[in-house]
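Now for the letters of each chain:
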Amino acid sequence: MKAARAKTPRRPVPKKPSNPSLKDPVGVYCRVRPLSRPDQECCIEVINETTVQIHPPDGYRVFRNGEYRETQYSFKEVFGTLVVQKELFDVVAKPLVEDLIRGKNGLLFTYGVTGSGKTHTMTGSPGDGGLLPRCLDMIFNSIGPFQAKRFVFKLDEKNGVDVQCEVDALLERQKRDVMPVPKTPSGKRQIDPEFADMINVQDHCKVEEVDEDNVYSVFVSYIEIYNNYIYDLLEEAPFDPIKPKPPQSKILREDQNHNMYVTGCTEVEVKSTEEAFEVFWRGQKKRRIANTQLNRESSRSHSVFIIKLAQAPLDADGDNVLQEKEQITLSQLSLVDLAGSERTNRTKAEGNRLREAGNINQSLMTLRTCIEVLRENQMYGTNKMVPYRDSKLTHLFKNYFDGEGKVRMIVCVNPKAEDYEESVQVMRFAEMTQEVEVARPVDKPLCGLTPGRRFRNQAFREELSRKLEIRGGPINGETEEQSVSEMLLQSFPPLPSCELLDVNDDQTLPKLIEVLEKRHKLRQMLSEEFGKNVLAFKTMLQEFDSSIVSKENYIQGKLSEKEKIIAGQKMELERLEKKTKTLEYKIEILEKTATIYEEDKRNLQQELESKSQKLQRQASDKRRLEARLQGMVVETTMKWEKECERRVAAKQLEMQNKLWVKDEKLKQLKAIVTEPKNEKPERPSRERDREKPVQRSVSPSPVPNAPPVRLRHRRSRSAGERWVDHKPPSNLPTETVMQPHVPHAITVAAASEKALAKCDKYMLTHQELASDGEIETKLIKGDVFKTRGGGQAVQFTEIETLKQESPTGRKRRSSPSNPNPPEDAADSEWTDVETRCSVAVEMRAGSTLGPGYQHHAQPKRRKP
């Protein structure tokens, strides 16, 4: 059995290089792109340098009550449609590059709907480079003379960096030169004309305070996040025409400092702006773009261009890089071009485009959720878990929001009216992002070596080489002197052996004396020759001195002339300097004036733009108001036309009613006039009426919305119908055989609401004197309906007449005559319908459905 393996102790978590007590909010900037056509409707207006105003387009109602409301949003700075790329770079990206060179991380990303100008802001266009090429240009302008040779810094596979000595770096370079891989461009190669105009930046912007005792190297990588998968755009995959392999996605991992990185990502060391941008352009060609209804070249993925800057101090001598890994600083600047959020009902996306749009919107929604949770944790002190892992985009940059660098966002918006709803969502997200604070990173520690050692070492070498040149080479001069002495010694005859071995030796000394004598003669000859040479040299020196004196005199004369000329030229220079100062002062005044004019021009242009937008908005308001007023006029006209028609109809009905009443009165008057006085029907006396007053009922008034008049048709009197038999007490009994009789009827003397509520049929017995003098009985029938107010209404439908006539055509009385009429008989004559019947029947005014009836019960008036 194997022994249990001991658990590896967990490495202590290093402290993050951030200062939690000092926090900075996320810098959010807004850029408004110009309209593609001048006649397009605009819904976004720049109010001032920090505020924009968005209003709904024509025909759009924001709230349920239809109120037209404008909303303002504030940013750290707002860039209008006339802003140039340099101004945007100086405000937004330049501080991030300065932090990068000082060893701090930075994140810059563009956010907005599709077609709002994000890629143009980040990359630029020919002749007008964006933020990315300007960042690269500023980096290499700043560290150009302090760059290390290739392969001195070497990135490892765990998001770290190592430093190599010069020998190892040289071997790496030689190995790279031997390999048949395509090399990155150098400064001597011709730049690709496809992007040459983008990196031709004439500003020469650079960081002022760069540590001159450090060496620097720049590494770039380029990735994209497509359908929530990470792909390396710089990976050189072998091309197989028979069976091409799809690109392999990469994995996110966390290094020992808890920073996220992409494993196996290609990182290229570059030495110039041209080389770096060519690497970027090579990856840009592989990026996934597509044509949609809203954008001809719509980005279908989030692209991330990462710039890593490795720097390490020089050793104490200022010659080589310090071989200590702890002294290496690796900073990173990430430039992110987010894909635009879009609505599929506008882009008409299908298939792969629909899937891409869904993944893009999902990743942006995850970014929004992370920002919301961060804001809630900071504002309310909660400790909710931020869902970074829900998307590769947020997971890759989580360390920035945790305090690993500065974060800045550029919100790009399109002011056209079609993007109103998406622009409102973008504005709300930007406003919420500004409330998130990120811990400020601390400065890198000092290495402790003497500053300025690089330039002191260079100055020492230059001074040493200069002195060697002045001395003419000290080592070579000693060698020449030694060779001349050796030549002189060799010209003398060699000395014989001077060793005496015997007292009687008589050869050694004579030989030695002979040699010495020869040497003495040779020395004398050399001394004489030397003396001659000395004399000749003295003569030459005298001649040289005389010539020098003459030349000096000549030169002095010339110098005096030249001095006079120089004095005149100095006076001329002083005059020109004064004139130059005067012109410079005038130029400065003119520049200030030009600056003031340019500022006025810019302000006037902005004012003109705001006025034009205001005029457009007022015109749209006027059109909307005209349409609304026109609708109100049409509606009011139709309303009054209907009202006039109703009033005319009511007036016509009222006049018809009055005419009908007058006709009836005339008929009754005619009958009374033509009827003999002795054949009048018997009526109760006034005293009896006064003794027995009859209370007349008032029938309820019909409601305005009375039910329609039913068609007149004969109905069978079934046993299920109940009738109200209204017989006024003033009716006289007739001698007819046929008498009105309704079974199951409620007989009343005056119509009451209680009786009407129990029945569904109504019958009124009405008597009047016909033209022949006979009493004519009319049975007026109707239907009972319930009204909306809870009452009862009667709609009359039929009239039955019961009349008695003489067969001989002779007039007869319907009742026995009274031979002795009372004295007030003349006063008791009935002259109208109201006095003949206790219930008056009249047509209701305003009814368009036929004759309606109302009942009015009121006591009879006594004639004076």
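A quick note: this is a predicted structure, and the numbers were derived from the prediction, not measured. (Residues numbered from 1 in each chain as written. Predicted model: local features only at pLDDT ≥ 70, side-chain atom pairs only at ≥ 80, totals over all residues. Heavy atoms only, no water.)

Caption draft 1: Examining the packing of aromatic side chains more closely. Per the counting criterion, the structure on display carries nine aromatic pairs. Summarising the aromatic geometry, the rings of F277 and F280 are spaced 5.2 Å apart at their centres and angled 45 degrees between planes, so their arrangement reads as tilted. Placement of both F277 and F280 in helix α5 (residues 273-284) is noted, with a separation of three residues, approximately one turn of the helix. A single burial state applies to F277 and to F280, both of which are buried. Relative to W281, the ring of F277 lies with its centre 6.0 Å away and its plane at 25 degrees, an arrangement referred to as stacked. In this pair, F277 and W281 both sit in helix α5, four residues apart, roughly one turn of the helix. Comparing F277 with W281 shows no difference in burial state: the two are buried. One aromatic cluster in this structure is built from Y222, F277, F280, W281 and F305. (Phe/Tyr/Trp six-rings, centres within 6.5 Å; stacked < 30°, edge-to-face > 60°. Helix = DSSP H or I, 4+ residues; strand = E, 2+ residues; numbered from the N terminus. Buried < 20%, exposed > 50% of the residue type's maximum accessible area, 1.4 Å probe, protein only.)

Caption draft 2: The arrangement of the sheet that holds strand β26 (residues 775-786) in detail. An order of β24-β23-β25-β26-β27 is seen for the five strands of this open sheet, with the pairing classed as mixed. Strand pairing shows two members of the sheet lacking a second neighbour, β24 (745-748) and β27 (792-803), which therefore form its edges. For this sheet, the mean angle separating the axes of adjacent strands, direction not counted, is 25 degrees. Sheet topology note: the strand β25 (residues 761-769)/β26 ladder contains nine bridges and is antiparallel. Its bridge partner being in β26, Q767 is matched across the sheet by T777. (Pairing = 2+ DSSP bridges. Axes fitted to C-alpha atoms, helices over the stretch in contact; angles between N-to-C directions.)

Caption draft 3: How the structure looks around the sheet that holds strand β4 (residues 51-54). Spatially, β3-β4-β5 is the arrangement adopted by the three strands of the open sheet, whose pairing is antiparallel. Every other strand in the sheet has two partners, leaving β3 (44-46) and β5 (71-74) as the edge strands with one partner each. Shown here is a sheet whose adjacent strand axes are inclined to one another by a mean of 25 degrees, direction ignored. Bridge count for β4 against β5 is four bridges, and the pairing is antiparallel. Bridging across to β5, Q53 finds its partner in Q72. Helix α13 (residues 508-674) rests against β3 and β4 of the sheet, and its axis sits at about 150 degrees to β3. (Contact = heavy atoms within 4.5 Å.)

Caption draft 4: Just the environment of V794, in detail. On the secondary structure map, V794 appears in strand β27. Between the alpha carbons of V794 and Y762 there is a distance of 7.4 Å; along the sequence they are 32 residues apart.

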